[in-house]
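Descriptive structure summary
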Amino acid sequence: MMIRLLLSVLVAAYFTSILNAQNQTWQGKFEPIDRLIAPPNTYRTASGAPGKAYWQQRADYHIMVTLNETNNTISGEETITYYNNSPDDLSYVWVQLEQNVNKKGNEDFGTINNNIEDGMSTRKMQFLTRAIDFPAGYSIKYVKDSDGKPLKTLVNNTMMKVKLNKTLKSGESAQLSISWSYHITDRSLFLLSREGYEYFPGDDNTVYLMGHWFPRMAVYNDTEGWQNQQFQKLGEFALEFGNYHVEITVPEDHIVASTGKLINREDVLTKTQLKRFKSAEKSFNKPVMIVTEEEAIANEKQKSTKQKTWKFKAENVRDIAFASSRKFLWDAQAVKLPTNTAMAMSFYPKEGLPVWQEESTKAIKHALEVYSEATFDYPYPVCISVNTSNIGIEFPMISFNGGRPKNGKITDVAKQRMVSTIIHEVGHNWFPMIVSSDERKWMWMDEGLNTFLHHRTLAERYPSFNRYTPKTIIPFMSGDKSILRPIMTTSDNELFNQFGMNFYVKPTVGLQMLRNSIIGKELFDEAFREYANRWKYKHPNPADLFRTLEDATATDLDWFFRGWFFTTDHVDMELSNVKWFKVFEEESNIEDQKGTSKSKIATTEKSSETVTEDFSNGPEMITVANTPDKNYGQFLSRLDNDAVRKELAGKNIYELTIKNIGGLVMPVTIEWIFTDGTTETETLPAQVWRRNEYEITPTFVKNKAVAKINLDPNFEFADTNSMNNSFPKTESKSDFDTFKNRKKE
Ligand SMILES: [Zn+2]
């Protein structure tokens, strides 16, 4: 009874003092994020792994397609075998018709997001007004079932509902046959064009980059039912896995690069090309030219009207893309991974020379090696990089990558960007092409994770290149909060000028912080690898990533996920005050103590309110009183009062007042610079903010006297304002302020 009463008095006093200090509402920054994410179930476990009842649909494709160069059209017939592995019976299915995104009258983000300006470029004006008309979008000739009976369809923008003649029962499969054609888009006509054709007036030839090109099954899963987010270009992919057999008919003098293994190379390659390809399969050190510059230039002049069919087979992929042109040079080499040997290959017009020949295949090799080590071995037979004028886009086994020299010359910056793009797009083979998250919904899940490994590849293989670090995100994080959105924002709801920072850079530096500063490399790398392996060839959701990273590290990261992914708070810690104390020693060193301190401050004096500017006043001398017996209560053992005083004798005690201005709770990295010039850095875990999310006053004992203290000295946690990070205050401008001023100009 007594003890309980005493306790409650103590507790009451404690809380009063906390409340006084805090004066701001508690926001529960360390509370579980359970209410922000979907609860676990039999499909997705609480540990973040696929559950016992996890299922996903599958779609196999048999496609015959013809590229018509005279009018830039493509027409095809495909048979889809759709496996209903869900527990549900389906009376209709949805098919993606992504070419409809450019169709006139469709939802068009291009017109919504721009203003008319005097003197604006014709290109921008074209994006806005569609001054030059273009007959974009699919013509669907028929949709039939396996008996050849027509199926009723309804098109909603980029999606087509196919009503089945017979309900597709759980566990059964059905076949759909679709015949279609469309005008291949001119890449220069549309905003954010990543596929389509590029015409080269110099030699009157075209490079065709075919992506989003055939009607594909939409995703049906346990979290969404049918994926119902339309294709609007930012949220690129949400697709099911399956096996593909594709026959691509093109002009006879074209070279075709495609997802999959070329299964009729004897029919489509010349004897010389085949011989070179076979030697490339044994070349592990450098690429072998399969089509040389001279041969490509000779091809440019042919303009054959005959046709040739290239056949490809791809297993366990969620999409297929190809490129075709008579302009292509082609180089290839083998890359040996512990469990697979893949052919790294590049296709480029002569306009990409010489840098493409020098760098492209090499970049593929670097990406394959670093990503495989970080996750799982690249499983496919080929990995292709095709040159384009601008932007990069990824597909399984093949990517179209921007970057070209001008008159054979390329600046260092442009070359870095080009190599970086290739590594990034090759990296997308892992995220989302294999670890198949839903990009319609969560662009950050593949862009963020991929950019994280992309920049790790740069760090390991191209150390001189510019890279993202936590410092990179500072200007964005300190931006206008009325415009900023959290990372957990649906892909197409983000602003055009912010998605790069929010969906690529912010998740990347968040993962860098977890790896380098919060969890530690070894434990983090294992958890990241665990996530990739748990979800390869499956559809993970954000919760599955969050849960796996906690589960595989035994670290509660809810505070980090909550702040970094669900809010727009930023890190700004202020070192508001530092108090320096020394314990007054009654017996010895009186002279010494007088030398460093003006006078012993009486213990009765209220010194806790004083704010000092620097250390020039010397330490405040304090006495340490014996602990009264009553404080021990029933305990028989007592602290040795003198031993405590002796331990502290001569040492410097610092009490820091650190305020959380930005709102984001983070570990606190403190750099101590001692008067003798030596330094020491220590990090307090984020959990120091648990009880007071706004202000903490941690205490430290140092043998040496301190000349200066800095918070987040290496921008490890992206503290946005370094002006308030030091004691004594730093006078120089922070990088952030310099950036802000530059922006204003
Ligand atoms: Zn990307």
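Residues numbered from 1 in each chain as written. Predicted model: local features only at pLDDT ≥ 70, side-chain atom pairs only at ≥ 80, totals over all residues. Heavy atoms only, no water.

**Points about the overall build of the protein chain**
- When helices and strands are counted, the protein chain shows 17 helices and 32 strands.
- Principal-axis analysis of the C-alpha atoms places the extent of the protein chain at approximately 105 × 60 × 55 Å.
- Across the 745 residues of the protein chain, 54% fall into the buried class.
- Of the contacts formed within the protein chain by residues at least 6 apart in sequence, a portion of 75% connects residues at least 24 apart. (Helix = DSSP H or I, 4+ residues; strand = E, 2+ residues; numbered from the N terminus. Buried < 20%, exposed > 50% of the residue type's maximum accessible area, 1.4 Å probe, protein only. Contact = heavy atoms within 4.5 Å.)

**Comments concerning the sheet that holds strand β18 (residues 322–325)**
- One open sheet accounts for four strands, arranged β8-β9-β18-β14; its pairing is antiparallel. Of all the strands in the sheet, just β8 (196–200) and β14 (255–258) have a single pairing partner and so form its edges. Ignoring which end each strand starts from, the neighbouring axes of this sheet average 10° apart. (Pairing = 2+ DSSP bridges. Axes fitted to C-alpha atoms, helices over the stretch in contact; angles between N-to-C directions.)

**Description of the nonpolar core**
- Within the largest apolar cluster, 186 residues are counted, with the highest numbers of intra-cluster contacts made by Trp-213, Trp-444 and Trp-564.
- Those residues within four positions of Trp-444 in sequence are excluded, and the remaining contacts are Leu-449, Ile-487, Met-488, Phe-503, Pro-507, Pro-542, Leu-545, Phe-546 and Phe-565. (Core = buried A, V, L, I, M, F, W, Y, C linked by side-chain atoms within 4.5 Å.)

**Describing the coordination of the zinc ion**
- With distances of 1.9 to 2.7 Å, the protein atoms coordinating the zinc ion are His-424 (NE2), His-428 (NE2), Glu-447 (OE) and Glu-447 (OE).
- The coordination sphere of the zinc ion comprises four donor atoms, whose angles at the metal cover 52 to 153°; the geometry is irregular.
- All donor residues of the zinc ion come from one chain, and their arrangement in sequence is H-x3-H-x18-E.
- The class for His-428 is buried, based on a relative accessible area of 0%. (Donors = N, O, S within 2.8 Å, 3.2 Å for Na, K, Ca; no water. Tetrahedral: all angles 85-135°; square planar, octahedral: opposite > 155°, others 65-115°.)

**Side note on helix α3 (residues 122–129)**
- For α3, the set of buried residues is Gln-126, Phe-127 and Leu-128.
- Immediately beyond the C-terminal end of α3, within one or two residues, lies Arg-130, with a positive phi of roughly 55°.

**Overview of the sheet that holds strand β5 (residues 152–156)**
- The antiparallel open sheet is built from four strands, whose spatial order is β5-β6-β3-β10. Each of the sheet's edge strands pairs with one partner strand only, and the pair in question is β5 and β10 (216–217).
- Pairing geometry for β5 and strand β6 (residues 159–168), over five bridges, is antiparallel. Bridge pairing in β6 places Asn-156 opposite Met-159.

**Observations regarding the packing of helix α13 (residues 542–551) against helix α14 (residues 558–566)**
- The geometry of α13 relative to α14 is characterised by a closest axis approach of 11 Å and an angle of 150° between their N-to-C directions. In terms of orientation, α13 lies roughly antiparallel with respect to α14. Seen along the crossing, α13 lies across α14 with a hand that is right-handed. Along the contact surface, α13 presents Phe-546, Leu-549 and Glu-550, while α14 presents Asp-558, Phe-561, Phe-565 and Phe-566.
- Counted by class, the contact of α13 with α14 contains five nonpolar, no polar and two charged residues. (Parallel < 35°, antiparallel > 145°, perpendicular 65-115°, else oblique. Left-handed = near helix turned anticlockwise from the far one by under 90°. Nonpolar A, V, L, I, M, F, W, Y, C, P; charged D, E, K, R; others polar.)

**Concerning the pattern of salt bridges**
- Overall, the coordinates contain 38 salt bridges when judged by the stated rule.
- For Asp-203, the salt bridge identified is with Lys-350, shortest N-O distance 3.3 Å. Of this pair, Asp-203 sits in the loop between β8 and β9 (205–210) while Lys-350 sits in the loop between β20 (340–348) and α7 (355–374), placing them 147 residues apart in sequence.
- For Lys-350, a relative accessible area of 25% corresponds to the partly exposed category. (Salt bridge = Lys/Arg side-chain N within 4 Å of Asp/Glu carboxyl O.)

**Observations concerning the packing of aromatic side chains**
- By the definition in use, this model includes 48 aromatic pairs.
- Ring plane angle 90° and centroid distance 6.1 Å describe the contact between Tyr-138 and Trp-180, whose orientation is recorded as edge-to-face. Here Tyr-138, found in strand β4 (residues 138–145), pairs with Trp-180, found in strand β7 (residues 173–183); they are 42 residues apart in sequence, far enough to count as distant. Across the pair, Trp-180 and Tyr-138 agree in class, each one buried.
- Measuring from ring centre to ring centre gives 5.5 Å for Phe-241 and Tyr-537, while their planes differ by 75°; the resulting arrangement is edge-to-face. Here Phe-241, found in the loop between β12 (225–226) and β13 (242–251), pairs with Tyr-537, found in the loop between α12 (521–534) and α13; they are 296 residues apart in sequence, far enough to count as distant.
- With a relative accessible area of 22%, Tyr-537 lands in the partly exposed category.
- Linked through ring pairs, Phe-30, Trp-444, Phe-546, Trp-559, Phe-560, Phe-561, Trp-564, Phe-565 and Phe-566 together constitute an aromatic cluster.
- Directly above the ring of Tyr-83 sits Arg-58, whose terminal nitrogen or CZ lies 4.8 Å from the centroid. (Phe/Tyr/Trp six-rings, centres within 6.5 Å; stacked < 30°, edge-to-face > 60°. Lys NZ or Arg CZ within 6 Å of the ring centre and 35° of its normal.)

**A word on the pairing of β6**
- The pairing of strand β3 (residues 90–96) with β6 spans six bridges and is antiparallel. Looking at β6, one finds that Gln-96 is bridged to Met-159.
- The antiparallel pairing of β5 with β6 creates a hairpin that spans two residues between the two strands, and Asn-157 there sits at a positive phi of about 50°.

**Describing helix α8 (residues 412–427)**
- For α8, with 16 residues, the first-to-last C-alpha span of 22 Å sits near the 22 Å given by 1.5 Å per residue.
- In this fold, the buried residues of α8 make contact with α7, β21 (382–388), β22 (393–395), β23 (398–402), α9 (443–461) and α11 (499–518). (Expected span 1.5 Å × (residues − 1).)

**Thoughts on the side chain of Glu-247**
- Considering the arrangement of structural elements, one finds Glu-247 in strand β13.
- An unpaired buried charge is present at Glu-247: no salt bridge exists, and Lys-311, the closest side chain of opposite charge, is 4.2 Å distant.
- Within the local environment of Glu-247, its side chain forms a polar contact with the side chain of His-245, the two groups lying 2.9 Å apart.
- If we skip the residues at most four places from it in the chain, Glu-247 touches Ile-63, Met-64, Val-65, Thr-309, Trp-310 and Lys-311. (Lys, Arg positive; Asp, Glu negative; His and termini not counted. Polar contact = N/O pair within 3.5 Å; in protein donor to acceptor, adjacent residues only side chain to side chain.)

**Quick look at unusual backbone geometry**
- Put simply, Leu-353 and Pro-354 share a cis peptide bond, and its omega is 0°.
- In this fold, Pro-354 is placed in the loop between β20 and α7.
- Look at the link from Phe-727 to Pro-728: it is a cis peptide, with omega at -10°.
- By the secondary structure assignment, Pro-728 is in the loop between β32 (726–727) and α17 (735–744).

**Observations concerning the environment of Glu-78**
- Here Glu-78 is to be found in strand β2 (residues 73–83).
- Glu-78 gets classed as buried once you look at its relative accessible area, which sits at 2%.
- Considered as a pair, Glu-78 and Pro-349 are 271 residues apart in the sequence and their alpha carbons are 30 Å apart.
- At 3.3 Å, the side chain of Glu-78 and the side chain of Trp-180 are in polar contact.

This is a description of form; function is not addressed.
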